[in-house]
Amino acid sequence: MPNLKDELHSSGWSAGCPCFDNTTTKRNKLILPCLISSRIYVVDVGSQCRAPKLCKMIEPVDVFWKCNKGYLNIPRSLPNGDILIANIGDPSGNAKGTLPFNNSMNKLIGLEVEYVIFRASPFCITGGFIVLDGETFELKGNWENECDSPPSGYDFCYKPCHNVLVSSAGVVPKCTGYGFSPDDFKKGVFGRRLNVWNLSCRSLIQCFDLGEDSLPLSVKFLHNPDAAEGYVSCALSGIVYRFYKCEANNWAVEEVIRIPAKDVTGWIMPKMPAFTVDLIISMDDKYLYLSNWLHGDIRQYELSKTCKPRLVGQVFVGGSILRGGPVAVCRDEELKCQPEPLVIKCKRVYGGPSKMQLSVDGKRLYVTNSLYSTWDKQFYPNLVKEGSVMLQIDVDTEKGGLTVNKNFLVDFGKEPNGPCLAHDIHFPCGDSTTDILA
């Protein structure tokens, strides 16, 4: 790329797949929003797939002045062909919005949460999404109505047949950009909201409080076009919530998975959260996958009962609790001993599982181990020194189960210009995170 320190974090195709039998969709342009610089690249990967070329670049100043947004993240194509990009904060790295929470109204009772639903207020502050023209890739402006702006954003997904878009919260960029700090807890730095939008009206209709410092990140609908339900994973609380449509076109949420924190010594805090970075659902809606960047494991849940996911597979591919490392686990509700380090083709794998991508047939799960360069340096310095990797996890699609493929390794530590940190993954033939079936 022509610029340094952009932080290429997320990516997406300029076109998705709007229906089951559509085989003509061309995925020849890759959209690359930048998390730090707020620059946007459009890369042509269709003309010569082994020699991609930059075909358009939108500078940060254009995003700042036209949209008053910054710190760009997840891009997805809309039903009308335009491209929607979520942003985390404003140009200064603040996370502002129209809907402040009244903490006195929120209660945590054991494992049950009483959710408070907020409606949009009349005050207009930055947040939400920006839109690119699907053909020219020109910046069109903000997507949401002026007075509907959440404090921050991160991921989103939508269902055209239910006229709904659901988005998650993120972090305050100017705080977390320097690294993770326990001092940021209880200060509103880490997001807590799940937002429900009217897709056609581009208005915010419901908002759920998932708990202080829960940090909801990855959000996915089931692939079945008629299914009005999905899941959101909260990185710091270790909880996965199911969201679903109920009577009178209202939506509700319920806790369905909880990954307990581990009591540790030799780490930045006495309790280590799982930090679920990514959540993926197989195209047949049979399995859900979670990547736990700090604990180091990938989990597979069976979804025959969507309200009660059942753990059927688990494999460790790194993490911060490996045997022989600086962190000792004092109390663990799940494991009897600390997992062993992973070595593939004579290379020690550092870091923890971050972004995943699942093949359309559901048999191959690919995973990278870099999250965000600043946090990589803080938690996994050897990852930055040695470079990240991409691994293949073989999936048992009949009974469930995960196995690391010891014959597959993409080593980004041997790049010509030095070690690289790999994050997002997409397939030009279609994958489990790009295609939104209508």
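Above this text sits the structure in question.
Residues numbered from 1 in each chain as written. Predicted model: local features only at pLDDT ≥ 70, side-chain atom pairs only at ≥ 80, totals over all residues. Heavy atoms only, no water.

A. A look at the overall build of the protein chain. When helices and strands are counted, the protein chain shows four helices and 32 strands. Relative to its 438 residues, the protein chain shows a buried fraction of 60%. In the form shown here, the protein chain has an accessible surface area of approximately 18,600 Å², with 52% of it arising from carbon and sulfur atoms. (Helix = DSSP H or I, 4+ residues; strand = E, 2+ residues; numbered from the N terminus. Buried < 20%, exposed > 50% of the residue type's maximum accessible area, 1.4 Å probe, protein only. Areas by Shrake-Rupley, 256 points an atom, 1.4 Å probe, with all protein chains shown as cover.)

B. Region of interest: the environment of Ile281. Turning to its location among the elements, Ile281 is positioned in strand E21 (residues 276-281). Residues Ile281 and Leu222, 59 residues apart in the sequence, show an inter-C-alpha distance of 6.8 Å. Not counting chain neighbours up to four residues away, the residues in contact with Ile281 comprise Lys220, Phe221, Leu222, His223, Tyr231, Tyr287, Leu288, Leu303 and Ser432. (Contact = heavy atoms within 4.5 Å.)

C. Quick look at the side chain of Asp155. Relative to the helices and strands, Asp155 is located in the loop between strand E10 (139-142) and strand E11 (156-159). Here the side chain of Asp155 touches Val219 through a polar contact of 3.1 Å, landing on its backbone nitrogen. Sequence-distant contacts of Asp155, defined by excluding residues within four places in its chain, comprise Ile74, Arg76, Val166, Ser167, Ser168, Leu217, Ser218, Val219 and Lys220. (Polar contact = N/O pair within 3.5 Å; in protein donor to acceptor, adjacent residues only side chain to side chain.)

D. The pattern of salt bridges, seen in detail. Taken as a whole and assessed by the stated rule, the structure comprises 23 salt bridges. Its salt-bridge partner being Arg258, residue Glu255 comes within 3.0 Å of it at the nearest N-O pair. Residue classification places Glu255 among the partly exposed positions, given a relative accessible area of 23%. Exposure remark for Arg258: the relative accessible area of 39% places this residue in the partly exposed category. Between Lys271 and Asp263 there is a salt bridge whose closest N-O contact spans 2.5 Å. Accessibility expressed as a relative area gives 18% for Asp263, which makes it buried. Through salt bridges with shared partners, a single network forms among Lys262, Asp297, Arg299, Asp332 and Glu334. (Salt bridge = Lys/Arg side-chain N within 4 Å of Asp/Glu carboxyl O.)

E. Up close: the packing of aromatic side chains. Going through the model one piece at a time under the given rule, you end up with 20 aromatic pairs. Ring geometry for Phe180 and Phe379: centres 5.9 Å apart, planes at 50°, overall tilted. Linking Phe180 in the loop between helix H2 (173-176) and strand E13 (193-198) with Phe379 in helix H3 (residues 373-379), this pair joins segments that are 199 residues apart in sequence. For the residue pair Phe180 and Phe379, the accessibility class agrees, reading buried in each case. Each ring, one from Phe221 and one from Phe243, has its centre 5.1 Å from the other, and the planes form 85°; the classification is edge-to-face. Residue Phe221 is found in strand E15 (residues 216-221), and its partner Phe243 is found in strand E17 (residues 239-245); the two are separated by 22 residues along the sequence. Classification of Phe221 by relative accessible area gives buried; the value is 6%. Members of the aromatic cluster, connected to one another through ring pairs, are Phe180, Phe185, Phe190, Trp267, Phe275, Trp293, Trp375, Phe379 and Tyr380. A cation over a ring is seen here: Arg76 above Phe156, with NZ or CZ 5.6 Å from the ring centre. (Phe/Tyr/Trp six-rings, centres within 6.5 Å; stacked < 30°, edge-to-face > 60°. Lys NZ or Arg CZ within 6 Å of the ring centre and 35° of its normal.)

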